[in-house]
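Observations on the three-dimensional arrangement
Here are the chains, one letter per residue:
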Amino acid sequence: MQNTSEYMLYQRIYQVIEQVPCGMVATYGDIATIVGGGCDARMVGYALNEIPKDRVESVPWQRIINKEGGISTRGLAQRQILEDEGIVFNAQERVIMARFHWAGPSTEWAAAHGFQTLPPRDDEDEAEQLSLF
DNA sequence: CAGATGACTCCCA
DNA sequence: CTGGGAGCCATCT
């Protein structure tokens, strides 16, 4: 139906997350920005907590982390999985965003599916983390 | 139908 | 650093 049920926010969120490549990470806010339409970081978090069974295998939920590059989940082996994918954490248990932060979907893909692209980010924050290296 | 809950982020004390 | 409140979707009592 053209009802929101088929275009549910969660479905779109899952679709975007599926675009995050292995070895990269994105923040809840990033996903929300790409989805657009009033989507918020909270929604992304809620959606990830309720991934349908048939989607959990295709949606790389583990690549979604909080804005500080830290893991928001408790109990789940999210960090372990990310390290397996090549993600490196610093001494503060945070992902080195300068190296692993996903830049967003391609303009073509976003346009083809009605999504947004990520706005340019400042390098200062990321440069700061690089110095820890 | 109302209330509670959950993998966020921002702002203020 | 800690703690509380606001803002919002979907699902389960």
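The structure reproduced in this document is the subject of the present report. Because the structure is a prediction, the values reported are computed rather than measured. (Residues numbered from 1 in each chain as written. Chains lettered and ligands numbered in written order. Predicted model: local features only at pLDDT ≥ 70, side-chain atom pairs only at ≥ 80, totals over all residues. Heavy atoms only, no water.)

This part is about the packing of helix 1 (residues 9–17) against helix 2 (residues 28–35). Pairs of packed helices are described in terms of their axes, by the angle between the two and the distance that separates them. As a packed pair, helix 1 and helix 2 sit with axes 9 Å apart at the nearest point and diverge in direction by 115°. By the criterion of interaxial angle, the relationship of helix 1 to helix 2 is roughly perpendicular. Considering how the two elements wind past one another, helix 1 and helix 2 form a crossing that is right-handed. Packed against helix 1, whose contacting residues are Leu9, Arg12, Ile13, Val16 and Ile17, the element helix 2 presents Ile31, Ile34 and Val35 at the interface. (Axes fitted to C-alpha atoms, helices over the stretch in contact; angles between N-to-C directions. Helix = DSSP H or I, 4+ residues; strand = E, 2+ residues; numbered from the N terminus. Parallel < 35°, antiparallel > 145°, perpendicular 65-115°, else oblique. Left-handed = near helix turned anticlockwise from the far one by under 90°. Contact = heavy atoms within 4.5 Å.)

To continue, consider the environment of Val59. Position of Val59 relative to the elements: it lies in the loop between helix 3 (41–49) and strand 2 (64–65). C-alpha separation for the pair Val59 and Glu18, spaced 41 residues apart in sequence, amounts to 5.1 Å. The contacts of Val59, once residues within four sequence positions are left out, are Tyr14, Ile17, Glu18 and Ile51.

Quantified by volume, the second largest pocket comes out at close to 250 Å³. Lining the second largest pocket, in full, are Tyr28, Gly45, Leu48, Asn49, Ile51, Val56, Trp61, Ile64, Thr73, Leu76 and Gln78. (1 Å grid on protein atoms, 1.4 Å probe; cavity = no way out; pocket = protein on both sides within 12 Å on 5 of 7 lines; lining within 4 Å. Points joined across faces, edges and corners; volume = space filled by probe spheres on them.)

In the vicinity of DNA strand C, the residues found are Met8, Leu9, Tyr10, Arg42, Met43, Tyr46 and Glu50. Looking at DNA strand C alone, sugar and phosphate atoms form 52% of those within 4 Å of the protein. At 2.9 Å, a side-chain N or O of Tyr10 approaches a base oxygen of DNA strand C. For the surface near DNA strand C, the secondary structure elements donating two or more residues are helix 1 and helix 3. It is helix 3 that contributes the most residues to the surface near DNA strand C, three residues altogether. Looking at the surface near DNA strand C, its residues break down into five nonpolar, no polar and two charged. (Near = heavy atom within 4 Å. Polar contact = N/O pair within 3.5 Å; in protein donor to acceptor, adjacent residues only side chain to side chain. Nonpolar A, V, L, I, M, F, W, Y, C, P; charged D, E, K, R; others polar.)

Keep in mind these numbers describe shape, not what the thing actually does.
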